[in-house]
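Chain by chain, the residues run as shown.
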Amino acid sequence: MAEEMTSEDLTPRRIRFYGVTDLATPWQAGRAVEIVESFDPENPPTLAADLIEFYNAQQFIEAGFFPAGYTDVQRALVQKQVRAMRSIIARFFGAINNTNVHEFIAAVKYDYHDDLLELLSRGKAFERCDPEDMLSALKATGVTLSTMLANKRLVQAYDTHLRDLLMSDVSNAEHVVRKNWHRDDGNEIYLPKSFTPVDARMLLQSYVDSANANPNYLGLIETAPVSSQTGVDAKLKLQARRRKARMTEEFFRDNAGIRSGCEVGLSESQDEPVKVEMNGTVASFTYSRSWLDQTLDNASILNNFQHLFEFADHRQVLLTLPAYPADLGVFERFLTTAGRADYRTGIVFRTMDMSSLLQTRLYHHYLASKEVDLEAVVAWFFEEYLAEEFGALNFSFTPSGSASLYLQRARHLFAEMESVALQFALYVENGELDRDLLAVTSDPVRYKELPSLLDGKYVYASESEEIGNILHALFSDQSGLTYISETLNAPSAAELLINNEVPRRQFSEHQRRAVDHLITLGILEDIGTRVRFASQEQFQVLMSLFKTQAASYYHLSNRGRVQVDSMAEKGWVTRRASLFTAAEGSYYNYFLNKVEFNNGPELRNKYLHGSQANEDGEAAHFRTYIIALRLLVALVIKMNDDFRLAAEKDESFD
């Protein structure tokens, strides 16, 4: 027999306003208007929970959300109700004091806790109520310490009491971690002024030693910068790293996990250069030995990295290796723990990182079997190819000795990579490479600042809110334009419009407002039978800005450049000159140094300063060497592209 429904089951779920871009907002607008219209100023609610719902309904109206077909007269009446509501809500929370706080805020559910604290703050209840009364009332209604710490006025009002709460439970160290190092897209965290660096050190140390420490938070402590203000020193970082390693080892000892990764191999019979197959979550790359045998000249070897292994895309020669935000899934964006100064990676990046390392290792081994030294190929590029093809003289690259240990070869390769990067920078700045000038230049290489031979080489989205909204609406899986019905939807609005003939009338009213705005901006056009992109060239630029955070101006067609110029006039995009895009430069910083990120391997710094770990011996140094080769080859690809584009530009003016 089925269970009987209770009155609570029949009560409509309370509405919550999460902002104008939230997918649920338009669907709740009708319910919000009903709630406002039901408000009786002569008989207002007496519990905070009810008034908070009216407060949320008020925000829908103030944001302009009304049911379809609502007249101006109806809108005006609802807005008049909102003004009356606002006054009564303010009076209610302005009257809360020590004697009634427990009664007034009882039964406020979790979804409304942030709003509760906000309205208490506006009503100056924290100034009127003693900390013992207010904090016990908040605790009774289920408000967590995390929610309290997100309200600045509450923290300021009850400073020492919240400090004591923080220190009372070792798990509260996670609030300190979130405040200082967690890349949290949600609420800010405010720590009491009375919470000292000594307190932080004690709490973090206890957390690292505790039985219920979270490996994700241990990872953030491990990668946190050393600072006396946050209580983090080198010893604590090392303890966090070791504790996390032990926990990970224990977890996988008892859990087999899911097999995922990449496989690479050579085929003796395969005709096509490469075959890619997926076996569950394992990607398999098979390369034709015949193809590799026929492409053993120096130029073809470097081309294989770009076109066969796809280190860069074919259209714009933008590296495929970096971690791009567009590749992060919903779970990776919102439900994983990432540090504020972390290089944000996901499954797409890790797959590409693994496959490109295996490809580099496979090719290095294959070339060695043919008595070809990949480093010698790189030396040919700098010392012969650049001079013969572009007249760029005096470049040099010295390969490491093949008989050297991989520790020495990796260290040498990092130094030589910096040398050729500096040579390129001097060539761009002076129009020639003066070896004497190189000899007296000792500045460290900043990969994001390496110059380009081309002015305004890359196109970037500006800080304009409008271009941000355009990219979100067209390409984000959180856009409100991805879903029309169970049978008509797509991961993004762009895919929905490209793969389907969707007329304007099929969008709901709130969606049509966004579609009409995109039409007004010249992004979309309505041809009656369907809504489509107004310009293929403009679409390609927009998609590149979303996918790779940049577009390469000189790889665009003439029409594409016209579109970029028009977008620049509107303030949507800017153009900057550099060898790498910003995302590509960040990729190098992640692997090589600590200029931007705390969670990178910092290989260049460790190997050149002799502080690399040696517990894994030559195998670990070989892996570092392969990473260095990959970075070096990618640098060659970008330099070659820069020289070639500059030469083509010069020829067009002849």
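Residues numbered from 1 in each chain as written. Predicted model: local features only at pLDDT ≥ 70, side-chain atom pairs only at ≥ 80, totals over all residues. Heavy atoms only, no water.

Draft legend 1. Molecular detail of the overall build of the chain. The number of helices and strands found in the chain is 30 helices and 10 strands. For the chain, the spread of C-alpha atoms along the three principal axes comes to 90 × 65 × 60 Å. Classification of the 654 residues of the chain by burial places 47% in the buried group. In the chain, once contacts between residues fewer than 6 apart in sequence are set aside, the share between residues at least 24 apart is 68%. Here the chain has roughly 32,600 Å² of accessible surface; of this, 49% comes from carbon and sulfur atoms. Within the chain, one finds 66 positive and 91 negative side-chain charges whose respective centroids are separated by 4 Å. (Helix = DSSP H or I, 4+ residues; strand = E, 2+ residues; numbered from the N terminus. Buried < 20%, exposed > 50% of the residue type's maximum accessible area, 1.4 Å probe, protein only. Contact = heavy atoms within 4.5 Å. Areas by Shrake-Rupley, 256 points an atom, 1.4 Å probe, with all protein chains shown as cover. Lys, Arg positive; Asp, Glu negative; His and termini not counted. Charge placed at Lys NZ, Arg CZ, Asp CG, Glu CD.)

Draft legend 2. Geometry of the environment of Ser206. Looking at where Ser206 falls in the secondary structure, it is placed in helix 13 (residues 197-209). Look at Ser206 and you get partly exposed, because its relative accessible area is 38%.

Draft legend 3. Examining the packing of helix 3 (residues 48-62) against helix 6 (residues 113-122) more closely. For the pair helix 3 and helix 6, interaxial distance at closest approach is 10 Å and the crossing angle is 90 degrees. Accordingly, the angle class assigned to the pair helix 3 and helix 6 is roughly perpendicular. Along its contact with helix 3, which presents Ala48, Ile52, Tyr55 and Asn56, the element helix 6 presents Asp115, Leu116, Glu118, Leu119 and Arg122. Residues of the contact of helix 3 with helix 6, tallied by class, amount to five nonpolar, one polar and three charged. (Axes fitted to C-alpha atoms, helices over the stretch in contact; angles between N-to-C directions. Parallel < 35°, antiparallel > 145°, perpendicular 65-115°, else oblique. Nonpolar A, V, L, I, M, F, W, Y, C, P; charged D, E, K, R; others polar.)

Draft legend 4. Spotlight on unusual backbone geometry. The backbone of Glu310 sits at a positive phi, close to 60 degrees, despite the residue not being glycine. Looking at the secondary structure, you find Glu310 in the loop between helix 17 (298-308) and helix 18 (330-334). Glu310 sits in the partly exposed class, given a relative accessible area of 43%. A positive phi angle is found at Asn394, which is not glycine, with a value near 80 degrees. Positionally, Asn394 belongs in the loop between helix 20 (374-390) and helix 21 (406-430). Here Asn394 falls in the partly exposed class, since its relative accessible area comes to 43%.

Draft legend 5. How the structure looks around the nonpolar core. The biggest cluster of nonpolar side chains holds 81 residues, and the ones touching the most others in it are Phe382 and Tyr588. Of all the secondary-structure elements, those providing two or more residues to this core are strand 3 (282-288), helix 17, helix 19 (347-369), helix 20, helix 21, helix 28 (582-592), helix 29 (603-608) and helix 30 (617-653). A total of 15 residues in this core trace back to one element, the largest contributor, which is helix 30. Setting aside residues up to four positions removed in sequence, Phe382 forms contacts with Phe395, Ser396, Phe397, Val420, Val636 and Met639. Counting residues in hydrophobic clusters, the runner-up holds 73 residues, among them Phe17, Ile88, Phe126 and Cys129. (Core = buried A, V, L, I, M, F, W, Y, C linked by side-chain atoms within 4.5 Å.)

Draft legend 6. Structural detail: the sheet that holds strand 4 (residues 458-461). The antiparallel open sheet is built from three strands, whose spatial order is 9-4-10. The strands lining the two open edges of the sheet, one partner per strand, are strand 9 (551-552) and strand 10 (573-576). By the bridge criterion, two bridges tie strand 4 to strand 9 in an arrangement that is antiparallel. Of the residues in strand 9, the one forming a bridge with Tyr458 is Ser552. Set on the sheet, helix 27 (residues 558-569) makes contact with strand 4 and strand 10; between it and strand 10 the angle comes to about 115 degrees. (Pairing = 2+ DSSP bridges.)

Draft legend 7. The arrangement of the pairing of strand 4 in detail. As paired elements, strand 4 and strand 10 share four bridges and run antiparallel to each other. Its bridge partner lying in strand 10, Val459 is registered against Arg575.

Draft legend 8. Representation of the pattern of salt bridges in the model. Considering all chains together, one arrives at 20 salt bridges under this definition. Close ionic contact of Asp199 with Arg163 constitutes a salt bridge, the shortest N to O distance being 2.9 Å. In this pair, Asp199 is assigned in helix 13 and Arg163 in helix 11 (residues 159-167), connecting sequence segments 36 residues apart. Arg163 gets classed as partly exposed once you look at its relative accessible area, which sits at 24%. Arg532 is the partner of Glu525 in a salt bridge, and the nearest nitrogen-oxygen pair spans 2.6 Å. (Salt bridge = Lys/Arg side-chain N within 4 Å of Asp/Glu carboxyl O.)

By themselves these figures say nothing about function.
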